[in-house]
Amino acid sequence: MTTTAITNIGSLVTNDPALGEGPLGLVQNAAVVIEDDKIAWVGPTAEAPAADEAYDAAGRAVVPGFVDSHSHLVFAGDRTAEFNARMSGRSYSAGGIRTTVAATRAATDAELEANLVRHLDEARRQGTTTFETKSGYGLTVADEARALRIAAAHTEEVTYLGAHIVSPDYAEDPAAYVALVTGEMLEACAPYARWVDVFCEKGAFDGDQARAILAAGAAAGLIPRVHANQLSHGPGVQLAVELEAASADHCTHLTDADVDALAQAAATTVATLLPGAEFSTRAPWPDARRLIDAGATVALSTDCNPGSSYTSSMPFCIALAVRDMGMTPDEALWSATAGGARALRRGDIGVLSPGARADLALLDAPSHVHLAYRPGVPLVSAVWQRGVQVVRAGGNG
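Within any chain, residue numbers begin from 1 and follow the written order of that chain's sequence. For a predicted model such as this one, the threshold for reporting local features is a pLDDT of at least 70, and the threshold for listing and counting side-chain atom pairs is 80 or more; totals across whole chains, interfaces and linings nevertheless cover every residue. Side-chain numbers here rest on the full set of heavy atoms in the structure, without hydrogens or water.

### Notes on empty space enclosed by the protein
- In this analysis, the protein atoms alone were mapped onto a 1 Å grid. Cavities are point sets where a 1.4 Å probe fits without being able to get out; pockets are open sets with protein on both sides within 12 Å along at least five of seven lines; lining residues have an atom within 4 Å of a point. Grid points are joined across faces, edges and corners, and a volume is the space filled by probe spheres set on the points. A full pass over the atoms with the stated rule returns four cavities of 30 Å³ or more.
- The space that makes up the second largest cavity amounts to roughly 50 Å³.
- Here a helix means four or more residues in a row that DSSP labels H or I, a strand means two or more in a row labelled E, and each is numbered from the N terminus. It is helix α4 (residues 141-152) that contributes the most residues to the lining of the second largest cavity, four residues altogether.
- Note that Gly is not counted as nonpolar here; it falls among the polar residues with everything else outside the nonpolar set of Ala, Val, Leu, Ile, Met, Phe, Trp, Tyr, Cys and Pro and the charged set of Asp, Glu, Lys and Arg. Counted by class, the lining of the second largest cavity contains four nonpolar, four polar and three charged residues.

Structure below.
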C-alpha cells in the first residue's frame, strides 16, 4: 500500500457538495491523499494526514480527470481534404464516413492500435483519464470485431457501433445490413463491448431501424446509447428516452418535446453535447442553457473522430461550451467530468471524494475557470490516473 499527499492545492474541485462549496464541492487551500488507486482523504492542507510521498501543488487548481464519454478512435486515414472543402463552403453530411471506412479496412491491426494509443496519449496530456470509444469504421463482421478487440485492450468503455452508416457493401439493401448488425456482427462484437450505439439520422438509420438495432444489442447484454438529432430533427432523442439509453448524443436539433423528455429522464438518459462537431462543421450550436434550465443532465465530450470533430481536447470543448452554448464555467467543468461519468453510468470517476478512483488533473492556474478564460492554452500541468502520475509536464512530481 502506497500513499501520496497532494498538498497546497489553491482550489480543489471535488464535484461532491458534501465536501465543499456549491455543486462543484470547491475546497480552498486543500489537500488530497491517494492510497493505491483510490482517493483516501480530502480536506484542508493543514489537516492532511501523513503519506509516503508528497507533491506540492503550489497554489494551483486540481480538478477531476476529464471523462470523455463519446469518441471514435479506432480508425485509419486522413480527411484533411474534406475539412478544407467544408471550410470553403460545402455542408457536412454523413457520407464522409465511407472514406474512413475504406482506410480502416485497409489498415493492419498494429496500425489501428498505434493510432488509437497516439490519440489516447494526446487526450491524457490534456487531462482526460476516462475514454469511451466506438467501432463503426469497419462495417464488416471481422472489421467491427477487431476494432472493438483493439479498443477493449485500452479502455473498459467500449461501444459497438456497427450501425454508424449502412455499409457501402449493402447500399442497395439496407434491410440486409440491419439484419447483419443485429445478427452475426452483434454476436461477434458483443463480447468486447459494454454499449451499443446507432446513428439515428437521415442518411444513416431511421427510427424503426434504430429501435431494432438497440433492442438486439440490449438483448445481447449491451446498454443503449444513441447518436441523436445531430443534423436535423428526428426520432433519436425520443427513442433514447423510451429505451432508457444511457445517453442521447449531439442533441443539436431539439423540439420542446425533446427537451421535456430529456428533463423527465434526467436520472437515466444524459444529453451529451459535442461542441467540437459544431465547430468543425459550422453547424448550429447545441443549446445547453435550454437543456440545463429545463432540468436535463448534460455531459460534454469531444466526439474525437477524423471527419467531423478531430479534437481530443476536453478543455477546448469546455471553452466552446462556455463561449457559444450558454454554459457557465462551473457547469461546463461539471459536465466534462461528473456529467461524462453519468453518461457512462459510473460513480467512481468524475468526482474526487474518498473511495473514488484517483483520477485528477493539476492545472497551471489558480482556478478551474481558467479552462474557459484562457482557451487554447495548455493548462494541464500534471495528471494522475488510477493513482499513478502519468503526465509530468510542468509539474514537480
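Anyway, onward from the coordinates.
### Overview of unusual backbone geometry
- One non-glycine residue, N29, lies in positive phi territory at about 50 degrees.
- Along the chain, N29 turns up in strand β2 (residues 27-35).
- Remark: exposure states derive from per-residue accessible area (1.4 Å probe, protein chains only) relative to the maximum for the residue type, with buried under 20%, exposed over 50%, and partly exposed in between. Looking at N29, the relative accessible area reads 57%, which means it is exposed.

### Comments concerning the side chain of T128
- Topologically, T128 is positioned in strand β7 (residues 128-134).
- Note on definitions: a residue-residue contact is assigned when non-hydrogen atoms from the two residues lie within 4.5 Å. Among residues more than four places away in sequence, those in contact with T128 are F66, D68, A123, S312 and M314.

### A closer look at the pattern of salt bridges
- Whenever Lys or Arg places a side-chain nitrogen within 4 Å of a carboxyl oxygen from Asp or Glu, that contact is recorded as a salt bridge. Tallied over the full model, the rule gives 22 salt bridges.
- Between E82 and R79 there is a salt bridge; the shortest N-O distance is 2.8 Å.
- Relative accessible area serves as the criterion here: at 6%, R79 is assigned to the buried category.
- With a shortest N-O distance of 2.7 Å, D256 and R290 are connected by a salt bridge. Remark: R290 occurs in helix α11 (residues 288-294) and D256 occurs in helix α9 (residues 256-264); sequence separation between them is 34 residues.
- On the basis of relative accessibility, which here comes to 30%, the residue R290 falls in the partly exposed class.
- Among the charged side chains, a network of salt bridges with common partners joins E156, E157, R194, R346, D348, R357, D359 and R386.

### Things to note about the pairing of strand β15 (residues 360-363)
- Burial of β15 is two-sided: the residues L360 and L362 facing one way and the residues A361 and L363 facing the other way are all buried.
- In short, DSSP must find at least two bridges between two strands for them to pair. With four bridges joining them, β15 and strand β16 (residues 380-385) adopt antiparallel strand pairing. What sits directly across from L363, in β16, is V380.

### Comments concerning the pairing of β7
- In terms of burial, β7 is a largely internal element, seven of the seven residues being buried.
- Alignment of strand β6 (residues 66-68) against β7, held across three bridges, turns out to be parallel. From the neighbouring strand, V67 faces β7, where its bridge partner is T130.
- Direction of pairing for β7 relative to strand β8 (residues 157-163): parallel, over a ladder of three bridges. When the sheet's bridge partners are listed, T133 is paired in β8 with V158.

### Topic: the packing of aromatic side chains
- Only centres within 6.5 Å qualify two rings of Phe, Tyr or Trp (six-membered ring in Trp) as a pair; their planes then separate them into stacked at under 30 degrees, edge-to-face at over 60, and tilted for everything else. Throughout the structure, instances matching the rule amount to six aromatic pairs.
- On the basis of an interplanar angle of 75 degrees and a centroid distance of 6.0 Å, the ring pair of F75 and Y310 is categorised as edge-to-face. One end of the pair, F75, is in the loop between β6 and α1 (80-86); the other, Y310, is in the loop between β14 (298-300) and α12 (314-324), with 235 residues separating them in the sequence.
- Among the aromatic residues, those joined into a ring-pair cluster are F75, Y137 and Y310.
- Criterion for a charge above a ring: Lys NZ or Arg CZ within 6 Å of the ring centre, and within 35 degrees of the ring normal. Directly above the ring of W195 sits R225, whose terminal nitrogen or CZ lies 4.3 Å from the centroid.

### Section: the side chain of D143
- Within the secondary structure, D143 sits in helix α4.
- The class for D143 is buried, based on a relative accessible area of 16%.
- Here a polar contact means two N or O atoms within 3.5 Å. Within protein one must be a hydrogen donor candidate and the other an acceptor candidate, and residues neighboring in sequence count only if both atoms are side-chain atoms. Of note is the side chain of D143, whose polar atom sits 3.1 Å from the side chain of R146.
- Among all residues touching D143, those that are not within four sequence positions of it are R105 and G138.

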